[in-house]
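# Tertiary structure, described
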Amino acid sequence: QVQLVESGGGWVQAGGSLRLSCEASGRAFNYVMGWFRQVPGKEREFVAAISSGTTTRYSDSMKDRFTISRDNAKNTVYLQMNSLKPEDTGGYYCAAKQFYFSSDYRQYDYWGQGTQVTVSS
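Residues numbered from 1 in each chain as written. Predicted model: local features only at pLDDT ≥ 70, side-chain atom pairs only at ≥ 80, totals over all residues. Heavy atoms only, no water.

## Points about the sheet that holds strand 8 (residues 76-81)
Ordered in space as 1-3-8-7, the 4 strands form an open sheet in which the pairing is antiparallel. Edge positions in the sheet fall to strand 1 (4-7) and strand 7 (66-71), since each of these pairs with one other strand and no more. Averaged over all pairs of adjacent strands, the angle between strand axes in this sheet comes to 15°, irrespective of strand direction. Summarising the sheet, strand 1 and strand 3 (residues 18-24) pair through 4 bridges and their orientation is antiparallel. (Pairing = 2+ DSSP bridges. Helix = DSSP H or I, 4+ residues; strand = E, 2+ residues; numbered from the N terminus. Axes fitted to C-alpha atoms, helices over the stretch in contact; angles between N-to-C directions.)

Now the structure itself:
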């Protein structure tokens, strides 16, 4: 079984930065790790993903402001979010899947509980 625990969310003013963390169980660290965002009434939106190595994928709308990385020694994936906008507000979820990248949240097998990010104008 894979467990994912997110942290690092909070409140920030527009233009500010936050770094989210996702700590994974040891087995999950061979998986593709992704970050998704969700607001009430909408489907989960792909933000970024990283392979078990260093290959990354980003949503086109966020790639210039967000950076995904991982520290294998700490079994942790990070999402550095800069130049935050009010429309970045939402629940941010860490997810894991085997083998191949996907931007479709339905392809991911394991999920964390989420961490809330609120960006005020």
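## Description of the side chain of Thr115
Within the secondary structure, Thr115 is located in strand 11 (residues 115-120). Looking at Thr115, the relative accessible area reads 13%, which means it is buried. Here Gly9 takes part through its backbone nitrogen, which lies 3.1 Å from a polar atom of the side chain of Thr115. In contact with Thr115, not counting residues within four places along its chain, are Glu6, Ser7, Gly8, Gly9, Leu20, Gly90, Gly91 and Tyr92. (Buried < 20%, exposed > 50% of the residue type's maximum accessible area, 1.4 Å probe, protein only. Polar contact = N/O pair within 3.5 Å; in protein donor to acceptor, adjacent residues only side chain to side chain. Contact = heavy atoms within 4.5 Å.)

## What to know about the pairing of strand 7
The alternating pattern of strand 7 places Phe66, Ile68 and Arg70 on a buried face and Thr67, Ser69 and Asp71 on a face that is not buried. Bridging between strand 7 and strand 8 involves 6 bridges; their strand directions are antiparallel. Residue Asp71 lies in a different strand from strand 8, and its bridge partner there is Thr76. Hairpin connection, strand 7 to strand 8: the antiparallel pair is bridged by 4 residues, and Asn75 has positive phi, about 55°.

## Observations regarding the packing of aromatic side chains
In the structure shown here, the tally under the stated rule is 6 aromatic pairs. Summarising the aromatic geometry, the rings of Phe36 and Tyr108 are spaced 5.0 Å apart at their centres and angled 75° between planes, so their arrangement reads as edge-to-face. One end of the pair, Phe36, is in strand 4 (residues 32-38); the other, Tyr108, is in the loop between strand 9 (90-97) and strand 10 (110-111), with 72 residues separating them in the sequence. Here Phe36 falls in the buried class, since its relative accessible area comes to 0%. On the numbers, 5.2 Å between centres and 55° between planes, the contact of Phe36 with Trp111 is tilted. In this pair, Phe36 is assigned in strand 4 and Trp111 in strand 10, connecting sequence segments 75 residues apart. Residue class for Trp111 comes out partly exposed when judged on its relative accessible area of 25%. (Phe/Tyr/Trp six-rings, centres within 6.5 Å; stacked < 30°, edge-to-face > 60°.)

## Section: unusual backbone geometry
In terms of backbone geometry, most residues other than glycine have negative phi values and most peptide bonds are trans. Unusually for a residue other than glycine, Asn75 sits at a positive phi of about 55°. For Asn75, the position within the fold is in the loop between strand 7 and strand 8. At Ser83, a residue that is not glycine, the phi angle is positive and equals roughly 50°.

## Details of the nonpolar core
Counting 26 residues, the largest nonpolar core has Leu4, Met33, Trp35, Leu79, Met81 and Tyr92 as the members making the most contacts within it. At 4 residues, strand 3 tops the list of elements feeding residues into this core. Beyond its immediate sequence surroundings of up to four residues, Leu79 is in contact with Leu18, Arg19, Leu20, Trp35, Val47, Ala48, Phe66, Thr67, Ile68 and Tyr92. (Core = buried A, V, L, I, M, F, W, Y, C linked by side-chain atoms within 4.5 Å.)

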